[in-house]
Amino acid sequence: MADSYSQGRTGDGEYQEQFLNDKTLRRLGAAIAGVFTLGVGGFIAAIIFTQVDFELLVEIIHPQFVNAFLRVLGIVLVGSLLSVTAGVFVGLGRVSNTKFTNAVATAYVEFFRGTPLLFQLLVIYVGIPAFWPPGQFPISNWAIPTAIIGLTLNHAAYVGEAVRGGIDAVPEGQMEAARSLGMSYVQGMREVVLPQAWRNALAAIGNDQVILVKDTSLLTVIAIPELISAFRNVNSTTFDPWTPIILVAIAYLMITIPLGKVVSYLEARADWGGDRR
């Protein structure tokens, strides 16, 4: 009876192995990807050929969407550079052996990850000028600085956690080896640990920077004429939703796709001795 039971299990296992082999899974994956591609492609084609007004498309590209795109691009470039730079210091603070430094970095991360970006933008945009008497705030156009400060502070917290995770993933023996060679703690971090931590954290940092690009859509609440504002202006005057939506999608993809390529290039550069270089 035990033999027949074992044979039954073996038979079922062989059947499952024959069905769920590599060739079958590849074909199943290709079929699912093909159905998804056809569905999405058909939906996009239906929108373009039935909903988009090409005359209006040409008319609204300039200056509304061109100016909005350039404005968003400038904010993204400055905010991305500052948030990554600040995030490295936040990450170092999170792994610091000094209790006070670690506590401050932890509190920073908890606050900016735990509150919405919209709330943070409003605090900066409305709250900071309230310290001055009405009409005496020294910066006339406070919206653009608010956008850069808000995006930098918010995303530095996420970059800092990515850096912390990257540092934690480096074996402790690396720092011990650096110290045994006569390096100081700072030299060991700079020369040995951080290069490896950067490689570990790069994917998460790149993903966060793509999110930063999309977070610029929230800047409409502080009166910055960005891409969503341009969409709303066109839609409110023409009552055409799809034509400006197409432009908004293209504008964001023109930023996020090259950004993804840059991150992939940096990942390949950081993959020492791998086959991605």
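My aim in this report is to walk through the structure given alongside it, one point at a time.

Definitions and limits used
Residues numbered from 1 in each chain as written. Predicted model: local features only at pLDDT ≥ 70, side-chain atom pairs only at ≥ 80, totals over all residues. Heavy atoms only, no water. Salt bridge = Lys/Arg side-chain N within 4 Å of Asp/Glu carboxyl O. Helix = DSSP H or I, 4+ residues; strand = E, 2+ residues; numbered from the N terminus. Buried < 20%, exposed > 50% of the residue type's maximum accessible area, 1.4 Å probe, protein only. Phe/Tyr/Trp six-rings, centres within 6.5 Å; stacked < 30°, edge-to-face > 60°.

Here we come to the pattern of salt bridges. In the structure shown here, the tally under the stated rule is 5 salt bridges. A salt bridge links Glu161 to Arg94, with the shortest nitrogen-to-oxygen separation between them at 2.7 Å. With Glu161 in helix H6 (residues 143–168) and Arg94 in helix H3 (residues 54–94), the pair connects residues that are 67 residues apart, well separated along the chain. The pair formed by Glu161 and Arg94 is uniform in burial state, with each residue classed as buried. Between Glu110 and Arg113 there is a salt bridge, with its nearest N and O atoms 3.9 Å apart. Placement of the pair is Glu110 and Arg113 together in helix H4 (residues 99–114), with a separation of 3 residues, close to one helical turn. On the basis of relative accessible area, Arg113 is assigned to the partly exposed category, the value being 37%. One salt-bridge network, held together by shared partners, links Arg94, Glu161, Arg164 and Asp168.

Right, let's get into the packing of aromatic side chains. Counted under the stated rule, the structure contains 5 aromatic pairs. Relative to Phe112, the ring of Tyr108 has its centre 4.7 Å away and its plane inclined at 45°; by these criteria the two rings are tilted. One end of the pair, Tyr108, and the other, Phe112, are both in helix H4, 4 residues apart, so they sit about a helical turn from each other. Arranged with centres 5.0 Å apart and planes meeting at 85°, the rings of Phe111 and Phe112 form a pair that is edge-to-face.

On to unusual backbone geometry. A cis amide bond links His62 to the next residue, Pro63, at an omega of 5°. Turning to its location among the elements, Pro63 is positioned in helix H3. Positive phi is not limited to glycine here, since Ala223 has a value of about 65°. Despite not being glycine, Phe239 has its phi angle at roughly 60°, a positive value. Tracing the backbone shows Phe239 in the loop between helix H9 (227–238) and helix H10 (242–270).

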